[in-house]
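Residue-level structural notes
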Amino acid sequence: MGRKLSPKLTHFDRKGSAHMVNVGAKGETHRIAIASGRIRMRPATFRMVIEGGAAKGDVLGVARIAAIQAAKRAAELVPLAHPIAITRVAAEFKFDAQRCEIILFATVECRGRTGVEMEALTAAAVGLLTVYDMVKAVDRGMVIRDLQLEEKRGGKSGHYRRRAVKSAR
């Protein structure tokens, strides 16, 4: 088990105290992060959402705006995240009718000194929470799952892409 963790955790100083990473000396690069998550619901709820029949209105349209707004506010929610001048946020939905799941992909871009992973993850999470909020009156059993970073580009650590995992289901 004597494996050394690498790289070191940057949000802790030598004494182990949490701190905000100093990014002042880092160069600005074009940075992109894509995060995703899923919400599973009953078949009738799934049909209602994708057909636009919810009593509260356009569920996916509101969730898209919520995701965009959440990305812009990630630094207010995640204590050690930096405020970032975001240049683009996109929220795209895909549908898995067999599993009655809506998958949200959030893409965030900036030209900056630190990445936008937290912004993309926050966007995906809040977008899915908004779907839940808008239709919870008809389906409180919905499950939000698999919030994850799919890809990130830019910066010193380079390109990361999640490997496709074959499902056992």
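Residues numbered from 1 in each chain as written. Predicted model: local features only at pLDDT ≥ 70, side-chain atom pairs only at ≥ 80, totals over all residues. Heavy atoms only, no water.

Quick notes on empty space enclosed by the protein
- Counted according to the given criterion, the structure contains one cavity of 30 Å³ or more.
- Taken as a whole, the largest cavity holds about 40 Å³ of empty space.
- Counting only elements with at least two residues in the lining of the largest cavity, the list comes to helix H2 (59-72) and helix H3 (74-77).
- Partitioning the lining of the largest cavity into residue classes produces six nonpolar, one polar and two charged. (1 Å grid on protein atoms, 1.4 Å probe; cavity = no way out; pocket = protein on both sides within 12 Å on 5 of 7 lines; lining within 4 Å. Points joined across faces, edges and corners; volume = space filled by probe spheres on them. Helix = DSSP H or I, 4+ residues; strand = E, 2+ residues; numbered from the N terminus. Nonpolar A, V, L, I, M, F, W, Y, C, P; charged D, E, K, R; others polar.)

As for the pattern of salt bridges
- The tally for this structure, following the rule as stated, stands at eleven salt bridges.
- The shortest N-O distance in the salt bridge between Arg 40 and Glu 101 comes to 3.2 Å. Remark: Glu 101 occurs in strand E3 (residues 101-112) and Arg 40 occurs in strand E1 (residues 29-40); sequence separation between them is 61 residues.
- Among the ionic pairs, Arg 153 bridges to Glu 151, the shortest N-O distance being 3.0 Å.
- Overall, Arg 153 belongs to the partly exposed group, its relative accessible area being 35%.
- Salt bridges here are not isolated pairs; linked through shared partners, they connect Arg 38, Arg 40, Glu 101, Arg 145 and Asp 146. (Salt bridge = Lys/Arg side-chain N within 4 Å of Asp/Glu carboxyl O. Buried < 20%, exposed > 50% of the residue type's maximum accessible area, 1.4 Å probe, protein only.)

Description of the packing of aromatic side chains
- Within this structure, the stated rule accounts for one aromatic pair.
- Judged by centre distance (6.4 Å) and plane angle (75 degrees), the ring pair of Phe 46 and Phe 95 falls under edge-to-face. Taken together, the residues span a long stretch of sequence, with Phe 46 in helix H1 (residues 43-51) and Phe 95 in strand E2 (residues 86-96) at a distance of 49 residues.
- On the basis of relative accessibility, which here comes to 4%, the residue Phe 46 falls in the buried class.
- Phe 95 gets classed as partly exposed once you look at its relative accessible area, which sits at 43%. (Phe/Tyr/Trp six-rings, centres within 6.5 Å; stacked < 30°, edge-to-face > 60°.)

Brief notes about unusual backbone geometry
- Although it is not a glycine, Cys 100 sits at a positive phi angle of roughly 55 degrees.
- Residue placement: Cys 100 occurs in the loop between E2 and E3.
- Positive phi, close to 55 degrees, is recorded for Asp 146, a residue that is not glycine.
- Mapped onto the fold, Asp 146 is located in strand E4 (residues 143-153).

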